[in-house]
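# Structure assessment
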Amino acid sequence: MSDNAVNTSTSCCASCGVAEADDIKLKNCTACYLVKYCSIKCQKEHRPKHKRACKKRAAELRDELLFKQPECTNLGDCPICCLPLPLDPAKSCAGTCCSKTICSGCNYANQKRELEERRGHKCPFCRTPIPDTDGGCDKQRMKRIEMNDPMAIFQEGGEQFVKGDYSSAFEWYTKAAELGELEAHYKLSLMYNLGYGVEKDEGKEMHHLEVATIGGHPIARHNLACIEWNNGNKERAAKHWIIAATQGFDGSIKSLMDVFRDKDGMVSKDDLAAVLRAHQVAVDATKSPQREAAEEYRRNITSGVDI
């Protein structure tokens, strides 16, 4: 088919054949974008003929999004040092004052400077004084919630989850997810998997995992790969593990090593070597002298060594 033929077909209603004009605006099928319609009536009438091709193309478009290599993880960069945030949640923290996630290195450097200069403890990003009590932090978070801050709403969900109020946590996570918080989508996938605060639902679990995966969440991608593997979709699972591993997730490296040892050709020696190199690059990108100092300080505190 020539390009002219394609252009002609897509500029006409797929059902009645009316051409697009100044007074007639055609709208794409939002699932596949293969055809256009002049009205909802035409779209409904054409649905039986178009359904199979539509579902096939929609699945292809979904896969293009799912298997696209993300530019970064869902965490992004520390807003102070501008280095990628580490995947380990213990190596960063989100303030209740501004909801910015700061790496442990910048947080440690700020606390060290405040101690040396005998200053009060302030947020390293927005410089708001940090409350001395949990109640003060709760007030800051609620103020952010009133502003529809997705991170603050997500944090409230976490607070409720820790208290064991899973139904309330589910509601907060759902609201945060609706506002675009990818970590909330990941948490919702776990709740649907475990049945915490909601009935178990594999379909909704997959939906939230896919949304988080498309947004660059490596752990959600890893979990999605595990589901694909268990469902017999080994090639899709390997693709997901490779992408998650190149984002720096150690768990996916372990899974790929297990697949490689099976010697079924799913992952070659060269593929594994390339993934290991990419994984190390991703991990190294999250390192800095400040972060190493913070990690050493944390280890010393944990082991009871005098600082």
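Cut-offs and rules
Residues numbered from 1 in each chain as written. Predicted model: local features only at pLDDT ≥ 70, side-chain atom pairs only at ≥ 80, totals over all residues. Heavy atoms only, no water. Disulfide = S-S within 2.5 Å. Buried < 20%, exposed > 50% of the residue type's maximum accessible area, 1.4 Å probe, protein only. Helix = DSSP H or I, 4+ residues; strand = E, 2+ residues; numbered from the N terminus. Contact = heavy atoms within 4.5 Å. Phe/Tyr/Trp six-rings, centres within 6.5 Å; stacked < 30°, edge-to-face > 60°.

## Considerations on the state of the cysteines
Applying the stated criterion to the full structure yields zero disulfides. We note that Cys78 lacks a disulfide partner, and the nearest cysteine sulfur, in Cys81, lies 3.8 Å from it. Residue class for Cys78 comes out buried when judged on its relative accessible area of 1%. This cysteine, Cys81, is not joined by any disulfide, and Cys106 carries the nearest cysteine sulfur, 3.8 Å off. Exposure remark for Cys81: the relative accessible area of 26% places this residue in the partly exposed category.

## Focus: the side chain of Ser189
Secondary-structure assignment places Ser189 in helix H7 (residues 182-194). For Ser189, a relative accessible area of 1% translates into the label buried. Filtering out sequence-adjacent residues up to four positions away, Ser189 remains in contact with Glu205, His208 and Leu209.

## Points about the packing of aromatic side chains
Taken as a whole and assessed by the stated rule, the structure comprises seven aromatic pairs. Measuring from ring centre to ring centre gives 5.3 Å for Phe154 and Tyr173, while their planes differ by 35°; the resulting arrangement is tilted. One end of the pair, Phe154, is in helix H5 (residues 150-163); the other, Tyr173, is in helix H6 (residues 166-178), with 19 residues separating them in the sequence. The same class applies to Phe154 as to Tyr173, namely buried. With a centroid separation of 4.9 Å and 55° between ring planes, the pair formed by Phe161 and Tyr166 is classed as tilted. Exposure remark for Phe161: the relative accessible area of 28% places this residue in the partly exposed category. What makes Tyr166 partly exposed here is its relative accessible area of 29%. An aromatic cluster is present here, built from Phe161, Tyr166 and Tyr196 joined pairwise through their rings.

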